[in-house]
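Inside the fold
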Amino acid sequence: MRVMHLYRPRLPGLRAQAISVVHTAHALASLGHEVTVLADANGRTSPAEALLVLGLQPHPRLHLHISPVEHPAGAGAWFRAQLARWWSGAPGVVVARDKRRLL
């Protein structure tokens, strides 16, 4: 099953919500699901480095994408483009932290 988690944690980060989102996504990927998490940048880092900060190893079914833009407006545009690309693929499940993210 394809899963998109709409949260946009700032990675790498040690806030409880960011840890929870990434660990949950990693666990779902380990169970065989294709999981995509879109994250805001907290400095320059790669997805693999962000996972290591949280004590996780990269997983082939976990697609962690970090915005190349730190400015909120640019990151928002990047986020919407990534979501549109994911949405145009096969059916999947969207997990949204709040309704505003889903709209």
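Just above, that's the structure.
The following paragraphs examine the structure supplied in this document. (Residues numbered from 1 in each chain as written. Predicted model: local features only at pLDDT ≥ 70, side-chain atom pairs only at ≥ 80, totals over all residues. Heavy atoms only, no water.)

Right, let's talk about the overall build of the protein for a bit. The secondary structure content of the protein amounts to 4 helices and 5 strands. Counted from the first residue to the last, the protein has its helices and strands arranged as β-β-α-β-α-β-α-β-α. The globule rule puts the C-alpha radius of gyration for 103 residues at 13 Å, and the 13 Å found for the protein is close to it. In terms of principal-axis extent, the alpha carbons of the protein reach across some 35 × 30 × 20 Å. (Helix = DSSP H or I, 4+ residues; strand = E, 2+ residues; numbered from the N terminus. Rg over C-alpha atoms; globule rule 2.2 N^0.38 Å.)

Following the criterion strictly, the structure yields 1 aromatic pair and no others. Each ring, one from W86 and one from W87, has its centre 6.1 Å from the other, and the planes form 55°; the classification is tilted. For W86, a relative accessible area of 9% corresponds to the buried category. The exposure class assigned to W87 is exposed, which follows from its relative accessible area of 58%. Across from the ring centre of W86, 4.2 Å away, lies the NZ or CZ of R2, which sits over that ring. (Phe/Tyr/Trp six-rings, centres within 6.5 Å; stacked < 30°, edge-to-face > 60°. Buried < 20%, exposed > 50% of the residue type's maximum accessible area, 1.4 Å probe, protein only. Lys NZ or Arg CZ within 6 Å of the ring centre and 35° of its normal.)

Glancing now at the side chain of H5. Along the chain, H5 falls in strand β1 (residues 2–6). For H5, the contacting residues outside a window of four places in its chain are V21, T36, V37, L38 and V95. (Contact = heavy atoms within 4.5 Å.)

In this section: a nonpolar patch on the surface. A contiguous nonpolar patch, built from M1, V93 and V95 and spanning about 250 Å² of accessible area, is present on the exposed surface. Here V95 lies in strand β5 (residues 92–96). Assessed through its relative accessible area of 33%, V95 is described here as partly exposed. (Patch = residues over 30% accessible without salt bridge, like charges linked within 9 Å, V, L, I, M, F, W, Y side chains within 5 Å. Areas by Shrake-Rupley, 256 points an atom, 1.4 Å probe, with all protein chains shown as cover. Salt bridge = Lys/Arg side-chain N within 4 Å of Asp/Glu carboxyl O.)

Its place among the elements puts A18 in helix α1 (residues 16–30). Take A18: its relative accessible area is 3%, and that puts it in the buried class. In the structure, A18 is positioned 10 residues away from R8 in sequence and 8.4 Å away in space, judged by C-alpha atoms.

Membership of the largest hydrophobic core comes to 19 residues, with the highest contact counts inside it found for L11, V35, V37, L62 and L64. Those elements that place two or more of their residues in this core are α1, β3 (34–41), α2 (47–53) and β4 (62–66). Ranked by residue count, the leading element in this core is α1, at 5 residues. Once you skip the residues sitting within four places of it in the chain, L62 turns out to touch A25, H26, A29, V35, V37 and L51. The next biggest cluster of nonpolar side chains, apart from the first, holds 7 residues, and it includes L38, W78, F79 and L83. (Core = buried A, V, L, I, M, F, W, Y, C linked by side-chain atoms within 4.5 Å.)

Structural measurements only, silent on function.
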